[in-house]
Amino acid sequence: ADEKVRLFYMKELKPSPFRLAVAGAYKNQPPQASCAADVSAASLIEFVEKSKYFENYTFNSCLIFIVAAALSKMSEKLNMLWVGEDKEAKIIVYDNLNLGMSLATEKKETTLIPIRDKDVAGESIDVWHLTIHRLNKLVAELSEKAKRGKLSKNDYLPHPNIIFNNLGTLANIDHASPLLPYGSSLMITALKAKPRPTIYKGHDMIRPIMPIIITFDHRLFDGPVINEFLGILKDKIENPRF
C-alpha cells in the first residue's frame, strides 16, 4: 500500500447500549436501510450547460462536489464507520472525508474508487480540499483509467466509507434499491433527472426531477439523521454554489 494514502480520525466511540441492540438485531442480515427524496435538478443542469463555454464541468463532478459540501455540514454525524462486533464493536469518527465513487470498467462492471488527489509534497488530500476545477479533472482521469483498465492497486486505497453512486447515466432506471458495499457506512445514489409535473413557486410546471437515494448502515444512523442530510443535500442541489 502507498504510505502516502492515510486516513485520519478524530476519535473512537463506544457504541451506546441502544446502538449495540440495533447491531444485534441485524446480526444475521445486512444492517442497512435506505431513504429517498425527489430533487429538482433544473439549476444544476443549467450551470453544467453554461459551463461548456468555459470549463466544461460534468454533471457527475458537480454532484460529487455538492455531496462533499453537504457532508461537511454533518461531518461528526455521518463521517464514521462501524468496526467489530459485540463487545469489540466501536465507531470510528473520521477527521477527513474518505469519499469514493462507483465507476464503470472496461468490462462493463463497476468498481469503487476513493476520490483523492495529492498535494505538491505528494501527500494524499480528500475532496474537501479540492476546487470544482481540480475535482472535475480528477474524476475525468479516474473514469478514463477505469474504462481503459489502467487502475493501479493504489487507486483503490483506502476503501471509501462513503460512496457516491451515479445511476443517472442509465436512462431506463427510474427506481432502485442500491445495496451498501461491504466496509462502507453510507452511499448516495443519484438517478436520472427526468421531466415531471411539479409545483414550483405556486405554479404547475414541468421540471427535471432527480431521485436521490441514501443507503446507510442502520447500526450507525437512524431516519432523523438521514432526513437532516437529505434536506441539506436537496437544498445544495437545487441552489448550487461553486
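Our subject is the structure that appears above.
The following paragraphs examine the structure supplied in this document. (Residues numbered from 1 in each chain as written. Predicted model: local features only at pLDDT ≥ 70, side-chain atom pairs only at ≥ 80, totals over all residues. Heavy atoms only, no water.)

Attention shifts here to the nonpolar core. Leu186, Ile188, Ile212, Ile214 and Leu233 are the most contacted members of the largest nonpolar core, which totals 54 residues. The biggest single contributor to this core is helix H3 (residues 59–72), with nine residues. Excluding its chain neighbours within four sequence positions, the residues that come into contact with Ile212 are Cys35, Ala36, Ala37, Val39, Ile188, Thr189, Ala190, Leu230, Leu233 and Ile237. (Core = buried A, V, L, I, M, F, W, Y, C linked by side-chain atoms within 4.5 Å. Buried < 20%, exposed > 50% of the residue type's maximum accessible area, 1.4 Å probe, protein only. Helix = DSSP H or I, 4+ residues; strand = E, 2+ residues; numbered from the N terminus. Contact = heavy atoms within 4.5 Å.)

Another aspect to go through is the layout of surface pockets. A volume near 770 Å³ is recorded for the largest pocket. What lines the largest pocket is a set of 32 residues, among which Asn60, Asn166, Gly168, Thr169 and Leu170 lie closest to the centre. If you tally residues by element for the lining of the largest pocket, the top one is helix H5 (residues 132–148), at five residues. Here the residues of the lining of the largest pocket sort into 16 nonpolar, ten polar and six charged. Put simply, the second largest pocket is a space of about 320 Å³. Lining the second largest pocket are 15 residues; nearest its centre among them are Tyr182, Gly183, Ser184, Asp217 and Arg219. Tallied by class, residues from the lining of the second largest pocket come to eight nonpolar, four polar and three charged. (1 Å grid on protein atoms, 1.4 Å probe; cavity = no way out; pocket = protein on both sides within 12 Å on 5 of 7 lines; lining within 4 Å. Points joined across faces, edges and corners; volume = space filled by probe spheres on them. Nonpolar A, V, L, I, M, F, W, Y, C, P; charged D, E, K, R; others polar.)

So, on to helix H1 (residues 17–25). In an α-helix, one turn spans 3.6 residues, which is why side chains three or four residues apart end up on the same side. Within H1, the full set of buried residues consists of Arg19, Val22 and Ala23. The buried side chains of H1 occupy one side of the element, clustering within an arc of 100° when seen end-on. In this structure, H1 carries Pro17, Phe18 and Ala25 as exposed residues pointing more than 90 degrees from its buried face. Packed against the buried residues of H1 are strand E3 (80–83). (Arc of directions from axis to C-beta.)

Function cannot be read off these values alone, since they describe shape.
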